[in-house]
Amino acid sequence: QVQLVESGGGLVQAGASLRLSCAASGRTFSSYTMGWFRQAPGKEREFVAAIDTSARTTYYGDSVKGRFTVSRDNAKNSVYLQMNSLKPEDTAVYYCAAPRTPYIISNRANVYNYWGQGTQVTVSS
């Protein structure tokens, strides 16, 4: 069982940066790949980034490649999403997630069984 709590969202202007954090409970955090997703009003949940257990492999959604960076600190049971050059279209609720099968890394939301409550990111133009 993994419990996840996101933080770090807020209201920023276009071009600014934000760093989201996701704190995980449980002694097995280091065994889980982790993902970030986002959902804007009226839209489907969108894959943002994923990172494997050792942080050697990362994946990004096309819309955030080159601007966002996912990282993790297993000693702190935390995963991070550094977001640079933010755009108004990045406005959404951002969720971190852990998969049902710990080692699976995927861009599909239905692979992830554990979700945080989300943190709002709003980018003004």
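Throughout what follows, the structure given in this document is the object of discussion. (Residues numbered from 1 in each chain as written. Predicted model: local features only at pLDDT ≥ 70, side-chain atom pairs only at ≥ 80, totals over all residues. Heavy atoms only, no water.)

A word on the side chain of Arg72. Of note, Arg72 is situated in strand β7 (residues 68-73). Despite being buried, Arg72 has no salt bridge partner; Asp52 is the closest side chain of opposite charge, sitting 6.0 Å away. In terms of polar contacts, Arg72 uses its side chain to reach the backbone carbonyl oxygen of Tyr32, at 2.8 Å. Within the local environment of Arg72, its side chain forms a polar contact with the backbone oxygen of Asp52, the two atoms lying 2.9 Å apart. (Helix = DSSP H or I, 4+ residues; strand = E, 2+ residues; numbered from the N terminus. Buried < 20%, exposed > 50% of the residue type's maximum accessible area, 1.4 Å probe, protein only. Lys, Arg positive; Asp, Glu negative; His and termini not counted. Salt bridge = Lys/Arg side-chain N within 4 Å of Asp/Glu carboxyl O. Polar contact = N/O pair within 3.5 Å; in protein donor to acceptor, adjacent residues only side chain to side chain.)

The strand order β1-β3-β8-β7 describes an open sheet built from 4 strands, whose pairing is antiparallel. Each having just a single partner strand, β1 (4-7) and β7 make up the two edges of the open sheet. Put simply, the sheet's adjacent strands are angled 15 degrees from each other on average, direction ignored. Pairing geometry for β1 and strand β3 (residues 18-24), over 4 bridges, is antiparallel. Note on β3: the bridge partner recorded for Leu4 is Ala24. (Pairing = 2+ DSSP bridges. Axes fitted to C-alpha atoms, helices over the stretch in contact; angles between N-to-C directions.)

The next point concerns the packing of aromatic side chains. Under the definition given, this model contains 6 aromatic pairs. Measuring from centroid to centroid gives 6.3 Å for Tyr32 and Tyr114, while their planes differ by 85 degrees, and the two rings are edge-to-face. With Tyr32 in the loop between β3 and β4 (34-39) and Tyr114 in strand β10 (residues 112-115), this pair connects stretches of sequence that are 82 residues apart. Of the residues examined, Tyr114 reaches a relative accessible area of 15% and is grouped as buried. Taken together, a centroid distance of 5.1 Å and an interplanar angle of 70 degrees make the contact between Phe37 and Tyr112 edge-to-face. Separated by 75 residues along the polypeptide, Phe37 in strand β4 and Tyr112 in strand β10 bring together distant segments of the chain. Take Phe37 and Tyr112: they sit in the same class, and that class is buried. In textbook terms, an aromatic cluster arises when at least three aromatic residues are bridged by ring pairs, as seen for Phe37, Phe47, Tyr95, Tyr112 and Trp115. Looking at Arg45, its charged tip hangs above the ring of Tyr95, at a distance of 4.1 Å from the centre. (Phe/Tyr/Trp six-rings, centres within 6.5 Å; stacked < 30°, edge-to-face > 60°. Lys NZ or Arg CZ within 6 Å of the ring centre and 35° of its normal.)

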